[in-house]
Amino acid sequence: MEWEADQKELKEAGAELLPDGRVGLRIHGWEIESSKASILKSLQRQEWEEKLGTCHLPEMIFGHSSLVLKHLESGLRIHFNAFDALLGWKQEALPPVEVPAAAKWKFRSKPSQQVILDYDYTFTTPYSGSETIETNSEQRGASEESNGNLCWEDCEEQLDLVALASKEPILFYDEVILYEDELADNGVSLLTVKVRVMPSSWFLLLRFWLRVDGVLMRLRDTRIHCMFGESMKPNVLRESCWREATFNSLSSGANSSVQLPEISIVDILKLLKGYSVDSAAYSDPSLISQRLPIIMHKCQKLKVPDVL
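Everything numeric here is computed off the predicted structure, so don't read it as measured data.

All right, on to the environment of Leu 76 then. Note that Leu 76 resides in strand E6 (residues 76-80). Distance from Leu 76 to Leu 150, taken between C-alpha atoms, is 8.9 Å for residues 74 residues apart in sequence. Discounting residues that sit within four places of it in the chain, Leu 76 has contacts with Trp 30, Leu 69, Lys 70, His 71, Thr 132, Ile 133, Leu 150, Pro 234, Val 236, Leu 302 and Val 304.

This is the structure in structure tokens:
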């Protein structure tokens, strides 16, 4: 269901919807736009395979879907797309997660095919977004995009959870799926980005969620927050948090801080043998997230060059 904006709240916040059927809004010098499209067709998939140098891609790639946040004064453009995310997957090149023997047959495209999982079939990505600076070229009468001197610097500053928890009106909200794969019915690999815009700030969550039934759960969250202000250079904070645990460690209670959600012994045995179950606790990363141990956490601030 598409978000329906409250015109009165938009006006009070000094915001306006984007024109020409585009989905998003302008507010305090920011232009925030989401775009959703169907999955890549076979020919487009072949083009991506060539560009990425692989013959393995997720089942469903929403290659023309994106979220773009542009700061008009500085030319800063923060955007999220499937291609850059898969480029990160290809570069990280994690070793393949071992699949239970009872479930390997599901990966066959033909009954006689031998299953060789010699790549990261989970499509785990370290991707945390893309950033560019758009500068106007008066001599050429056009604009150019580059990474410029953009960089994320580690910082002690934390996300303002009090501000995020305040009961502000939500002027705009959307969720964009970038890619998804059901791992041959062995679980799920899903990359999404959600954004919400309030009168005082915007906030987004980029989430990679992986569940390999009976083997592993992995969650990689990137939260980015920007408070609106008068400065020509926006103050953008990013928090990255990676969590993961094996099903064995969860079932054995190896980590005292990790507890199993409510789930029957029968379902646990099914999961450990590689069979899927319908437990909501294992399907919803929001329910399981606090029970997975943290393996990486950092806060960073975006360094934006002087306006050109």
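A positive phi angle is found at Asp 20, which is not glycine, with a value near 60 degrees. Structurally, Asp 20 can be placed in the loop between strand E1 (15-17) and strand E2 (23-27). Asp 20 gets classed as exposed once you look at its relative accessible area, which sits at 75%. Even without being a glycine, Ala 184 presents a positive backbone phi close to 55 degrees. Mapped onto the secondary structure, Ala 184 falls in the loop between strand E10 (172-181) and strand E11 (187-197).

Another point: helix H2 (residues 42-52). Burial in H2 covers these residues: Arg 45, Trp 48 and Leu 52. Down the axis of H2, the buried set is contained in an arc of 60 degrees. They therefore lie on one face. In this structure, H2 carries Leu 43, Glu 50 and Lys 51 as exposed residues pointing more than 90 degrees from its buried face. On its buried face, H2 sits against strand E4 (60-61) and helix H3 (82-92).

Looking now at the sheet that holds strand E15 (residues 294-303). If you walk across this open sheet you meet the eight strands as E4-E10-E11-E12-E13-E14-E15-E9, and the pairing is antiparallel. Because the sheet does not close on itself, it has two edges, and the strands there are E4 and strand E9 (151-154). Relative to E15, strand E14 (residues 236-246) is paired through seven bridges, and the arrangement is antiparallel. In the strand pairing of E15, Arg 243 is matched with Ile 294. Against the sheet, H3 touches E4, E10, E11, strand E13 (216-227) and E14, its axis set at about 45 degrees to E10.

Thresholds, definitions, all that
- Residues numbered from 1 in each chain as written.
- Predicted model: local features only at pLDDT ≥ 70, side-chain atom pairs only at ≥ 80, totals over all residues.
- Heavy atoms only, no water.
- Helix = DSSP H or I, 4+ residues; strand = E, 2+ residues; numbered from the N terminus.
- Contact = heavy atoms within 4.5 Å.
- Buried < 20%, exposed > 50% of the residue type's maximum accessible area, 1.4 Å probe, protein only.
- Arc of directions from axis to C-beta.
- Pairing = 2+ DSSP bridges.
- Axes fitted to C-alpha atoms, helices over the stretch in contact; angles between N-to-C directions.

On their own, these measurements won't tell you what the molecule is for.
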